[in-house]
Amino acid sequence: MKTWKSIFKSKQVRKECLYSFMILMGIRLLATIPTPGTNPDYFKTLIHNNSALTFIDAMTGNGLSGMSIMALSITPYITASIMVQLAGVIYPRIHEMEKGMEDERKRIHIITLVLGGFVALMESSMIAFSFGKKGLLVSAKGYWILLVMLIWTAGSVAASLAGELIRKKYDFNGSSLILLFNILASYPSDALSVYQTMISGKQMVHKVISSILIVLFVIALFAYTVCLQAAERRIPITHSQKIKGTSMKSTLPLKACPGTVVPIIFASSILTFPSMIAAFIGKENLTALKFLNTSYWFQKDNFYYSIGAIFYIAMIIGFSSYYAEIIFNPTEVAMDLKKKGANIYSIRPGKETAAYLHKKSNEVVLIGAVGLCVIAMVPAVLSGIWHLSGIAFLGTSIVITVGVSLEFRTQCIAKSQNGKYSSMLEKGGIF
């Protein structure tokens, strides 16, 4: 609380936070407007039967299950951002542009926006065409399908532009904040679901005990996620100073979860893709799909369906390792340390340093990936044992909530410190 008080002492920070909040609330108000001619009960049933889809629904702020004009929300833009990052691995020029001058970074943002609009158009057309004649739309005529497609695409583009406005004008990560607000918007309805499933109908004593245990569990899960997000291995670095003949020491941090929630998004997308295709061709009742449906995992009667959880865990670990390779390049870091006259104690500069960093990075990322698997498994376990599904604050979305909140806090601290130093300079200096 003391940190937040010091942050909001800055008038400029308060102003930027207020304007950003107003933009975010505007997006949330748009999310309450239903799409004309749609049947929201259709997708509610589909999402209820596959708890892997609940994460996607949470990312849209229940816009998908409610069939609002913001049914896709910011998710196509996030998909486009990930696609651009992956393209940077294949095409080094894109990676250079991401870290280049302002004009090059601006070009990357424009490409991401355009690609996000294209992804939104593709997703909306797939949903409208595949489910339109099965009860999603009141009328499955061509012009009506086209109208719904355009509405959803326009809603997604509006969310993307709002995120870009926040980024350019107030220097916050707008798309992440929209995603955070979407998830927070689903918390009240999720809390009601928990109450109806686990507390309602019990005696008062049992209600109080159950409520306390649930609150403690949620707090512990959030605390665990905070620790996981902040976890890092600090490699000691020695900087030689040839003029003075002394050395200066620092550390190189290796984060346990460099990709935050991205590996789980990848894994969840692959997990839900076969179910969506099966629903499109009318084969949603295939037995094989139950292995990929988290709603069937950890059930007493059909425990063998939980084999799908092993595949899910393997994908999260695999994607965590792959995404870490994209973000952290040991060879580049080793070369940069060598140029600066820095080295790791008892490790020779160059190739040996790169090999050492690669090994340590893999070890740390593996620990972080296992930690992510624990969080990702919580909703599946609760769904299988207590039939409690679709709860945003008991699963993967916690990683987003914690990650974005910590990022926003760091940005606000940096802004308040800059404002503090600027005011000191205006008064005559810092010292």
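The coordinates are above.
This section reports on the structure supplied with the text.

Criteria and thresholds
- Residues numbered from 1 in each chain as written.
- Predicted model: local features only at pLDDT ≥ 70, side-chain atom pairs only at ≥ 80, totals over all residues.
- Heavy atoms only, no water.
- Helix = DSSP H or I, 4+ residues; strand = E, 2+ residues; numbered from the N terminus.
- Expected span 1.5 Å × (residues − 1).
- Buried < 20%, exposed > 50% of the residue type's maximum accessible area, 1.4 Å probe, protein only.
- Contact = heavy atoms within 4.5 Å.
- Patch = residues over 30% accessible without salt bridge, like charges linked within 9 Å, V, L, I, M, F, W, Y side chains within 5 Å.
- Areas by Shrake-Rupley, 256 points an atom, 1.4 Å probe, with all protein chains shown as cover.
- Salt bridge = Lys/Arg side-chain N within 4 Å of Asp/Glu carboxyl O.
- Bend = angle between axes of the 7 residues up to and from the residue.
- Axes fitted to C-alpha atoms, helices over the stretch in contact; angles between N-to-C directions.
- Parallel < 35°, antiparallel > 145°, perpendicular 65-115°, else oblique.
- Left-handed = near helix turned anticlockwise from the far one by under 90°.

1. A short note on helix 10 (residues 174–185)
Here comes step 1: For helix 10, spanning 12 residues, the distance from its first C-alpha to its last is 16 Å, which sits close to the expected 16 Å at 1.5 Å a residue.
Here comes step 2: Burial analysis of helix 10 places 10 of its 12 residues in the buried class, which makes it a mostly covered element.
Here comes step 3: When helix 10 is considered as a whole, its buried residues turn out to be Gly-174, Ser-175, Ser-176, Leu-177, Ile-178, Leu-179, Leu-180, Phe-181, Asn-182 and Ile-183.

2. Observations regarding the side chain of Ser-156
Here comes step 1: By secondary structure assignment, the location of Ser-156 is in helix 9 (residues 142–170).
Here comes step 2: Ignoring anything within four residues of it in the chain, the contact list for Ser-156 reads Leu-72, Ser-73, Pro-76 and Ala-120.

3. A word on a nonpolar patch on the surface
Here comes step 1: Taken together, Leu-18, Tyr-19, Phe-21, Met-22 and Met-25 make up a surface patch of nonpolar side chains, about 480 Å² in accessible area.
Here comes step 2: Structurally, the position occupied by Tyr-19 is in helix 2 (residues 11–30).
Here comes step 3: A relative accessible area of 36% means that Tyr-19 is categorised as partly exposed.

4. Considering helix 16 (residues 351–386)
Here comes step 1: Between its terminal C-alpha atoms helix 16 stretches 52 Å, which fits the 52 Å expected from 36 residues at 1.5 Å a residue.
Here comes step 2: Its maximal kink placed at Met-377, helix 16 deviates by approximately 30 degrees, while the proline Pro-379 follows within four residues.

5. A word on the packing of helix 2 against helix 10
Here comes step 1: In the contact formed by helix 2 and helix 10, the axes pass within 10 Å of each other and the chain directions differ by 55 degrees. Between helix 2 and helix 10, the interaxial angle falls into the category oblique. Handedness of the helix 2/helix 10 crossing: right-handed. On the side of helix 2, the interface is formed by Phe-21, Leu-24, Met-25, Ile-27 and Arg-28, while helix 10 contributes Leu-177, Ile-178, Phe-181, Asn-182 and Ala-185.

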